[in-house]
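Now for the letters of each chain:
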Amino acid sequence: MITHGRNIKIFTGNSHCRLAQDIADILKIPVGQSRVSTFSDGEISVDINETVRGNDVFIVQSTSSPVNNNLMELLIMIDAFKRASAGRITAVIPYYGYARQDRKVKARDPITAKLVADLLTAAGANRVLTMDLHAPQIQGYFNIPVDHLLGAPILAQHFISKGLIDREDLVVVSPDLGSVTRARKFADNLHAPIAIIDKRRPKANVCEIMNIIGDIEGRTCILIDDMIDTAGTITNAANALKNLGAKNIYACCTHGVLSGPAMDRINNSSIEELVMLNTIPLNEENDNHKIRSISVAPLFAEAIKRIYDDEPISKLFEYEQ
């Protein structure tokens, strides 16, 4: 695999050690020797216990809960590798936190997605590898290369393997207007039409279903979104579909944040199966019969290999037919 003079090394913080190990196993290399701990006052301490001089370093770290700790771990690790003369540093961020505030929607709003991009660049990252940013334009906030992987093709393959392709009763549903493009591409892969839920959100993390555009009566519906946080949007959408005559309802997303009342809402909803990618580790208390987790390790391992070998990764953005 290694075609040039530098060695490739995979390191991880504390956010998703299992995913880093899975990626390293696929690449047939060990996870780098490092230790990320805290001082007694809560400050983060990073110890790199092997040389990285001139190496191609990949740091696997999702900035999921606890978001601030995981983000600071990543920034401090990047700084440590830069000062240790690493040849190139790639921040592998399966879930990019602080992405929901990507523009000013009212006066005096921050743009945290841009702030985090600036922090990563200032810390010394040479490249970012991530998946399903909340808004694709966040790539433009960086002055370094960003490789933006897509989770929907993996989700589509799962439903294809279940036989949900070319079925006359299948419809893909976008839970809001912002997810229409994602839903349309997903539906094209399953050869299915789409429906759209028009909703009004009176305040943060609270949504109200208004109406459904499209034919869903007597049909099998697949809801798709980029992330599920408190699960209000997806469960309200599922319940509305059921009340209007949908037959079976599945849901899928790339990032399963599942905070606050999410699990209670999912368990009490009309969703039969929720399929998520493991960009965020699934807590044991969130693991139940309705949830199916699919690993992104093979996709990230292939992307890392291609970046290291200076090969194009555009093929990884495509849906398999």
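Here the structure is a predicted model, which is why all the values come from computation and not from measurement.

**Observations regarding the pairing of strand E1 (residues 8-12)**
Of all five residues making up E1, five are buried, and the element is well covered by its neighbours. Where burial is concerned, the two faces of E1 agree: the one with Ile8, Ile10 and Thr12 and the one with Lys9 and Phe11 are both buried. Note that E1 and strand E4 (residues 56-60) share five bridges and pair parallel. When the bridges of E4 are listed, Ile10 appears paired with Phe58.

**So, the UniProt feature "binding site: ATP" (unreviewed entry) in the chain**
UniProt tags Asp41, Gly42, Glu43, Arg100 and Gln101 as "binding site: ATP" (unreviewed entry). A maximum C-alpha distance of 29.9 Å shows the annotated residues, which cover 61 residues in sequence, to be distributed over more than one spot. Checked against the lining of the largest cavity, the annotated residues just named reduce to Arg100. Considering the arrangement of structural elements, one finds Gly42 in the loop between strand E2 (34-38) and strand E3 (44-48). A relative accessible area of 43% places Gly42 in the partly exposed class. Summarising the element assignment, Glu43 is placed in the loop between E2 and E3.

**Looking at helix H5 (residues 180-190)**
Buried within H5 are the following residues: Val180, Ala183, Phe186, Ala187, Asn189 and Leu190. Looking one or two places after H5, you find His191, whose phi comes out positive at around 55°.

**Some remarks on the domain arrangement of the chain**
Per the domain assignment, the segments of the chain are domain 1 (8-149 + 297-317) and domain 2 (152-289). Put simply, the middle of domain 1 and the middle of domain 2, counted by C-alpha atoms, are 28 Å apart. Listed by partner, the interface residues are 13 residues for domain 1 and 13 residues for domain 2. Where domain 1 abuts domain 2, roughly 1,200 Å² becomes buried across the two surfaces, and 55% of that area is made up of carbon and sulfur atoms. Considering only the surface of domain 1 that becomes buried against domain 2, His16, Tyr95 and Asp132 emerge as the three largest contributors, covering 42% of it. For the pair domain 1 and domain 2, the interface holds one salt bridge.

**Things to note about the environment of Arg53**
You can see Arg53 is positioned in the loop between E3 and E4. Taking C-alpha positions, Arg53 is 20 Å from Ala122, a pair spaced 69 residues apart along the chain. What Arg53 contacts, discounting residues up to four positions off in sequence, is Ala84 and Ser85.

**Some words on the nonpolar core**
Ile23, Phe159, Phe186, Ile222 and Ile304 are the most contacted members of the largest nonpolar core, which totals 44 residues. With eight residues, the single largest contributor to this core is helix H8 (residues 297-308). Domain assignment of the residues forming this core places at least three in each of domain 1 (8-149 + 297-317) and domain 2 (152-289). Setting aside anything within four residues of it in sequence, one finds Ile23 in contact with Val60, Ala297, Phe300, Ala301 and Ile304.

**Focus on the packing of helix H4 (residues 152-161) against H5**
Contact pair H4 / H5: the axes reach a minimum separation of 10 Å and the direction vectors enclose 35°. Where H4 crosses over H5, the handedness of that crossing is right-handed. Contact residues: Ala152, Leu155, Ala156, Gln157, Phe159 and Ile160 in H4; Phe186, Asn189 and Leu190 in H5. Among the residues forming the contact of H4 with H5, the class breakdown is seven nonpolar, two polar and no charged.

**So, the sheet that holds strand E6 (residues 127-131)**
Strands sit in the order E1-E4-E5-E6-E7 across an open sheet of five strands; the sheet is parallel. What marks the edges here is a single partner per strand, and that holds for E1 and strand E7 (146-149). Sheet twist, expressed as the mean angle between neighbouring strand axes with direction ignored, is 20°. With four bridges joining them, E6 and E7 adopt parallel strand pairing.

**Details of the environment of Gly32**
Mapped onto the elements of the fold, Gly32 is located in the loop between helix H1 (17-27) and E2. Once residues lying within four places of it in the same chain are set aside, the contact partners of Gly32 are Ile10, Phe11 and Glu50.

**Notes on the environment of Ser65**
Topologically, Ser65 is positioned in the loop between E4 and helix H2 (67-83). Given a relative accessible area of 67%, Ser65 falls into the exposed group. For the pair Ser65 and Ile280, spaced 215 residues apart in the sequence, the C-alpha separation amounts to 8.8 Å.

Conventions used here
- Residues numbered from 1 in each chain as written.
- Predicted model: local features only at pLDDT ≥ 70, side-chain atom pairs only at ≥ 80, totals over all residues.
- Heavy atoms only, no water.
- Buried < 20%, exposed > 50% of the residue type's maximum accessible area, 1.4 Å probe, protein only.
- Helix = DSSP H or I, 4+ residues; strand = E, 2+ residues; numbered from the N terminus.
- Pairing = 2+ DSSP bridges.
- UniProt positions renumbered as here; feature names shortened; annotations may be inferred.
- 1 Å grid on protein atoms, 1.4 Å probe; cavity = no way out; pocket = protein on both sides within 12 Å on 5 of 7 lines; lining within 4 Å.
- Domains from an automatic or database assignment.
- Contact = heavy atoms within 4.5 Å.
- Buried area = accessible area lost by both parts, 1.4 Å probe.
- Salt bridge = Lys/Arg side-chain N within 4 Å of Asp/Glu carboxyl O.
- Core = buried A, V, L, I, M, F, W, Y, C linked by side-chain atoms within 4.5 Å.
- Axes fitted to C-alpha atoms, helices over the stretch in contact; angles between N-to-C directions.
- Left-handed = near helix turned anticlockwise from the far one by under 90°.
- Nonpolar A, V, L, I, M, F, W, Y, C, P; charged D, E, K, R; others polar.

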